[in-house]
Amino acid sequence: MGVSGQISKIGDSEKLSLVGDINEDADIYFPTLLKAFGNKVIINFKAVSSINSCGVRAWITFLRELEAGRSVTFEECTPDIISQINMIPNFRGKSAVNSVYAGYTCQSCGNAQLHLFTAGKNMPASADSGAGEVACVKCNKPTEMDELEEEFFAWL
Ligand SMILES: [Zn+2]
């Protein structure tokens with residue numbers, strides 16, 4: 001499955017919620033979106049299941065056009081998307097990052113869960129300022145982030 005998306009109006013912004021795999025088909029899909037946007041765009045990555053290297057290239061080309069004359073905000077970035085942002089600065093461009101999911105694993109019961117960090121709420125101020133404790137949703141015991149906090153939040 002390739003990527004698709006839904007556009008909804010949120011205040012004075014258009015919000016694009018992407019779904020599926022960002023792969024070689026994204027080259028065809030992304031450019032068709034441009035005409036739907038005004039000058040404020042929110043991209044929601046929550047339902048993106050995977051992204052490959054063709055998809056990354058298509059995204060970067062698309063973002064460059066999208067950012068021309070528009071302000072772009074990323075929200076609900078998955079751990080996969082954050083690792084792209086950390087590896088490839090152009091993946092984010094000039095966009096703001098409003099919220100991100102980090103993966104955590106419970107040290108007691110092994111439960112894997114995602115925890116959302118939102119700017120202005122619980123997002124750390126910088127990569128080395130610490131993300132705080134995250135309790136397991138199943139047993140309430142402490143969990144550990146799947147990646148090093150300083151690496152996950154390097155983009156801050
Ligand atoms: Zn647990």
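If you're wondering where the values come from, they're calculated on a predicted model, not measured in any experiment. (Residues numbered from 1 in each chain as written. Predicted model: local features only at pLDDT ≥ 70, side-chain atom pairs only at ≥ 80, totals over all residues.)

Attention shifts here to the overall build of the protein. Across its full length, the protein carries four helices and eight strands. Reading the protein from its N end, one meets helices and strands in the order β-β-α-β-α-β-α-β-β-β-β-α. Radius of gyration (C-alpha) of the protein: 16 Å, near the 15 Å computed for a compact globule of 156 residues. Projected onto its principal axes, the C-alpha positions of the protein cover 50 × 30 × 25 Å. Burial status across the protein gives 24% buried among its 156 residues. Counting contacts in the protein only where the partners sit at least 6 residues apart, residues at least 24 apart contribute 63% of the total. (Helix = DSSP H or I, 4+ residues; strand = E, 2+ residues; numbered from the N terminus. Rg over C-alpha atoms; globule rule 2.2 N^0.38 Å. Buried ≥ 20, exposed ≤ 12 C-beta atoms within 10 Å, placed from the backbone. Contact = placed C-beta atoms within 7 Å.)

So, on to the nonpolar core. Residues Ile43 and Phe45 are the most contacted members of the largest nonpolar core, which totals 29 residues. Residue assignment for this core shows that the elements contributing at least two residues are β2 (13-22), α1 (26-33), β3 (40-51), α2 (53-66), β4 (71-75), α3 (79-87) and β6 (99-106). Top contributing element to this core by residue count: β3, with six residues. Contacts of isoleucine 43, omitting those with residues within four sequence positions, involve Leu16, Leu18, Val72 and Phe74. (Core = buried A, V, L, I, M, F, W, Y, C linked by C-beta atoms within 7 Å.)

The next thing to look at is the domain arrangement of the protein. Per the domain assignment, the segments of the protein are domain 1 (1-97) and domain 2 (103-147). A straight line from the C-alpha centre of domain 1 to that of domain 2 covers 25 Å. (Domains from an automatic or database assignment.)

Take the sheet that holds strand β7 (residues 112-118) next. One open sheet accounts for three strands, arranged β7-β6-β8; its pairing is antiparallel. On the outer flanks of this sheet lie β7 and β8 (143-145), each paired with one strand and no other. On average, adjacent strands in this sheet sit at an angle of 40 degrees to one another, irrespective of strand direction. Where β6 lies against β7, seven bridges are found, and the strand directions are antiparallel. Along β7, the bridge assignment pairs tyrosine 104 with glutamine 113. (Pairing = 2+ DSSP bridges. Axes fitted to C-alpha atoms, helices over the stretch in contact; angles between N-to-C directions.)

Let's shift gears to unusual backbone geometry. One non-glycine residue, glutamate 76, lies in positive phi territory at about 50 degrees. Along the chain, glutamate 76 falls in the loop between β4 and α3. Even without a glycine there, the phi angle at asparagine 140 is positive, about 65 degrees. Its place among the elements puts asparagine 140 in the loop between β7 and β8. With 11 C-beta atoms packed within 10 Å, asparagine 140 lands in the exposed category.

Looking now at the packing of α1 against α2. Running from N to C, α1 and α2 point in directions that differ by 20 degrees, and their axes come no closer than 9 Å. Between α1 and α2, the interaxial angle falls into the category roughly parallel. α1 and α2 meet at a crossing whose hand is right-handed. Contact with α1, carried on its side by Ala26, Asp27, Phe30 and Pro31, involves Gly55, Ala58, Trp59 and Phe62 of α2 and no other residues of that element. Residues belonging to the contact of α1 with α2 are distributed by class as follows: six nonpolar, one polar and one charged. (Parallel < 35°, antiparallel > 145°, perpendicular 65-115°, else oblique. Left-handed = near helix turned anticlockwise from the far one by under 90°. Nonpolar A, V, L, I, M, F, W, Y, C, P; charged D, E, K, R; others polar.)

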